[in-house]
Amino acid sequence: MRIFEQMESQVRSYVRHFPTIFATAKGAILRDEQGKEYIDFFAGAGTLNYGHNNPIANEALIEYIKQDGLLHGLDKATTAKKKFLEKLYYTILQPRHLEYKVQFCGPTGTNAVETALKIVRMVKQRSNVISFTNGFHGLTMGAMAVTGNAFYRDEAFINRANVAFMPYDGYFGPDIDTAFYLRKFLEDSSSGVDLPAAVILETVQAEGGINVARFQWLKDVEQVCRDFDVLLIVDDIQVGNGRTGTFFSFEEAGINPDVVVLSKSIGGGLPLAIVLMKPELDQWKPGEHTGTFRGNNLAFVASTELLSYWDNDTLSEGIRYREGILKEELKRIVEKYSELNIQVRGRGLIYGLQFPQQGFSHNVTSEAFERGLVIELAGAKHDVIKFLPPLVIEENLLRDGLAIIDESIAACLEKKEEMIKGALRNDN
Ligand SMILES: Cc1ncc(COP(=O)(O)O)c(C=O)c1O
């Protein structure tokens, strides 16, 4: 690992949590240079919903390269892009009666958020945008400004203006309706919150700690937007692409966002980000928002194949089945370790276990890594263990990974008891 410490910036982060050199990966399994296998409950932070090296994508990629398909095309028309747009339209948008224009932007999630923020501000000619507590939307200037966590919002980074934060669903507990709170602030011309161009939200806050918005809250926020002529942006970068059981995370809530940002798994592991917008919002002048890497032909090839998972209901049914196992096992763990007061929450195949004791969740994930499980933490206090396996994970691997979490909690409790006993011995 010396070369990474010597050469790579201090900013590196996941390598610190998973200190090994990964060499190969397939499906829900990662292998390091020593040949040790790890079950992946992290899935590239939601980029590998269809698993590592998915064979249908890989075969198409190899074939495309063999045929000298274009790798780079700016926003020129290419065969790969044509097939991707057709697949997205006929498999995803048309069956859901969604009329969206597609904008290709830079290849990461934050590029899509930047683009969406520009669109809404341009169309509404208003600068303010409303975001929610614990929201995470990326770390370039505009996206960082709508990201809640203070860790990322150092004052020296400037440009956090023109954003107001409102409490997300459940922020004050289950009994306080924060959609009403939003309405009240917009109604009152002396609330200090300017009428925004848009509201941006995640239907399940992932990095923010697996906070699941109720469908009714999402509907109420949408209604507030409609009543005040404000646009609604859904950031489906992490919880879209099937994570919650449907392709878009907002489908079950029955809302109809004006703008949707997608990235991560839309490229099947290769960098790709897109903005979907209602046609009337597409008011760009040609070339007004450009970039060298808009669209990524290899990602188009992979994505076109992987979107075939949505040709029928098999994937959705599989996600529901796996969610049943995940939910039941997490409930069992919560009951088994009732003295820890663990909270469980989630939707589809994104779940969180929140540990109130500071540092305990970190100890559990470190123990789990030693035992061959890759899983990360979420929440401002890093107190939530985030379960994010590939959507196609085999049942036995899902169960094995959950068993590792169970063992790791037991090991942490044992170590804690030993420490207490040791401290008592020293006192005596
Ligand atoms: C909801 C959400 N939005 C935006 C982003 C930013 O995406 P990227 O890291 O690709 O810039 C993330 C990344 O985790 C995310 O989870």
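Residues numbered from 1 in each chain as written. Predicted model: local features only at pLDDT ≥ 70, side-chain atom pairs only at ≥ 80, totals over all residues.

Participant: Is there a simple way to think about the overall build of the protein chain in this case?
Facilitator: Counting its regular elements, the protein chain contains 13 helices and 17 strands. For the protein chain, the spread of C-alpha atoms along the three principal axes comes to 75 × 65 × 45 Å. Looking at the protein chain as a whole, 44% of its 428 residues are labelled buried. Considering only contacts within the protein chain whose residues lie at least 6 apart along the sequence, 73% involve residues at least 24 apart. (Helix = DSSP H or I, 4+ residues; strand = E, 2+ residues; numbered from the N terminus. Buried ≥ 20, exposed ≤ 12 C-beta atoms within 10 Å, placed from the backbone. Contact = placed C-beta atoms within 7 Å.)

Participant: What exactly am I supposed to notice about the sheet that holds strand β2 (residues 29-32) here?
Facilitator: Hydrogen bonding along the main chain pairs the strands of a sheet, whether they run parallel or antiparallel. Sheet architecture is open: four strands sit in the order β1-β2-β3-β15, paired in mixed fashion. Looking at the sheet topology across the chains shown, the edges are occupied by β1 (22-26) and β15 (373-374). Strand direction decides the pairing type here: β2 and strand β3 (residues 37-40), joined by three bridges, are antiparallel. Across the sheet, the residue bridging to Leu30 is Tyr38, located in β3. (Pairing = 2+ DSSP bridges.)

Participant: I tried to follow the sheet that holds strand β16 (residues 376-378) on my own but got confused; where do I start?
Facilitator: Pairing in this open sheet of four strands is antiparallel, and the strands run β13-β14-β17-β16 from one edge to the other. The open sheet has two edge strands with one neighbour each: β13 (343-347) and β16. Put simply, the sheet's adjacent strands are angled 30° from each other on average, direction ignored. For strand β14 (residues 350-354) and strand β17 (residues 384-387), the ladder comprises four bridges, and the chain directions are antiparallel. Bridge pairing in β17 links Tyr351 to Phe387. (Axes fitted to C-alpha atoms, helices over the stretch in contact; angles between N-to-C directions.)

Participant: Mind showing me how you'd approach the domain arrangement of the protein chain here?
Facilitator: Think of interface size as the accessible area that goes away when the parts come together; that is how it is often given. By the assigned domains, the protein chain splits into domain 1 (56-310) and domain 2 (321-357 + 369-381 + 393-428). Each of domain 1 and domain 2 has a C-alpha centre, and the two are 31 Å apart. The interface of domain 1 with domain 2 comprises 13 residues on the first partner and 13 residues on the second. Per-class residue counts for the side of domain 1 that touches domain 2 are five nonpolar, six polar and two charged. (Domains from an automatic or database assignment. Nonpolar A, V, L, I, M, F, W, Y, C, P; charged D, E, K, R; others polar.)

Participant: Looking at this structure, I do not really get the pairing of β17. What am I missing?
Facilitator: The side chains of a regular strand alternate between both faces of the sheet. Residues Val384 and Lys386 line one face of β17 and the alternating positions Ile385 and Phe387 line the opposite face, and both faces are buried. Note that β16 and β17 share three bridges and pair antiparallel. For Ala378, the partnering residue across the bridge sits in β17 and is Val384. With antiparallel pairing between neighbouring strands as the criterion, β16 and β17 make up a hairpin whose turn holds five residues, including Gly379 at a positive phi of roughly 95°.

Participant: How do you make sense of the site of the ligand when you look at a structure like this?
Facilitator: Near the ligand there are 15 residues, and of these Thr108, Gly109, Thr110, Gly138 and Gln238 occur at the shortest range. Here the residues of the shell around the ligand sort into five nonpolar, seven polar and three charged. (Near = placed C-beta within 6 Å.)

Participant: Can you help me understand the pairing of β1 in this one?
Facilitator: As paired elements, β1 and β2 share four bridges and run antiparallel to each other. In the strand pairing of β2, Thr24 is matched with Arg31. Following β1, the chain reverses through two residues before pairing antiparallel with β2; Gly27 in that reversal takes a positive phi of roughly 60°.

Participant: Is there a simple way to think about the nonpolar core in this case?
Facilitator: Looking at soluble globular proteins, one finds that nonpolar side chains tend to be buried together. If you look at the biggest cluster of nonpolar residues, it comprises 115 residues, and the most contacted ones within it are Val120, Ile233 and Val259. Tallying contributions element by element places helix α6 (residues 109-124) first for this core, with seven residues. Shared between two domains, this core takes at least three residues from each, and those domains are domain 1 (56-310) and domain 2 (321-357 + 369-381 + 393-428). With near-sequence residues (within four places) excluded, Val120 lies in contact with Val129, Ala197, Ala198, Leu231, Ile233 and Val259. (Core = buried A, V, L, I, M, F, W, Y, C linked by C-beta atoms within 7 Å.)

Participant: Can you help me understand the packing of helix α12 (residues 360-370) against helix α13 (residues 395-427) in this one?
Facilitator: A pair of packed helices can be characterised by two numbers: the angle between their axes and the separation between those axes. The geometry of α12 relative to α13 is characterised by a closest axis approach of 8 Å and an angle of 120° between their N-to-C directions. When the axis of α12 is compared with that of α13, the two are oblique. Remark: the crossing between α12 and α13 carries right-handed chirality. Facing Phe360, Asn363, Val364, Glu367 and Ala368 of α12, the residues of α13 in contact are Ile404, Ile405, Ser408, Ile409, Ala411 and Cys412. Residue composition of the contact of α12 with α13, grouped by class: eight nonpolar, two polar and one charged. (Parallel < 35°, antiparallel > 145°, perpendicular 65-115°, else oblique. Left-handed = near helix turned anticlockwise from the far one by under 90°.)

Participant: Would you mind going over the packing of helix α4 (residues 55-66) against helix α10 (residues 297-306) with me for this structure?
Facilitator: Direction vectors running N to C along α4 and α10 enclose 140°, while the axes themselves pass 8 Å from each other. One element, α4, and the other, α10, form an angle in the oblique class. Crossing angle aside, the handedness with which α4 passes α10 is right-handed. Together, Ile56, Ala57, Ala60, Leu61 and Tyr64 of α4 and Leu298, Val301, Ala302, Glu305 and Leu306 of α10 make up the contact between the two elements. Of the residues assigned to the contact of α4 with α10, the class counts are nine nonpolar, no polar and one charged.

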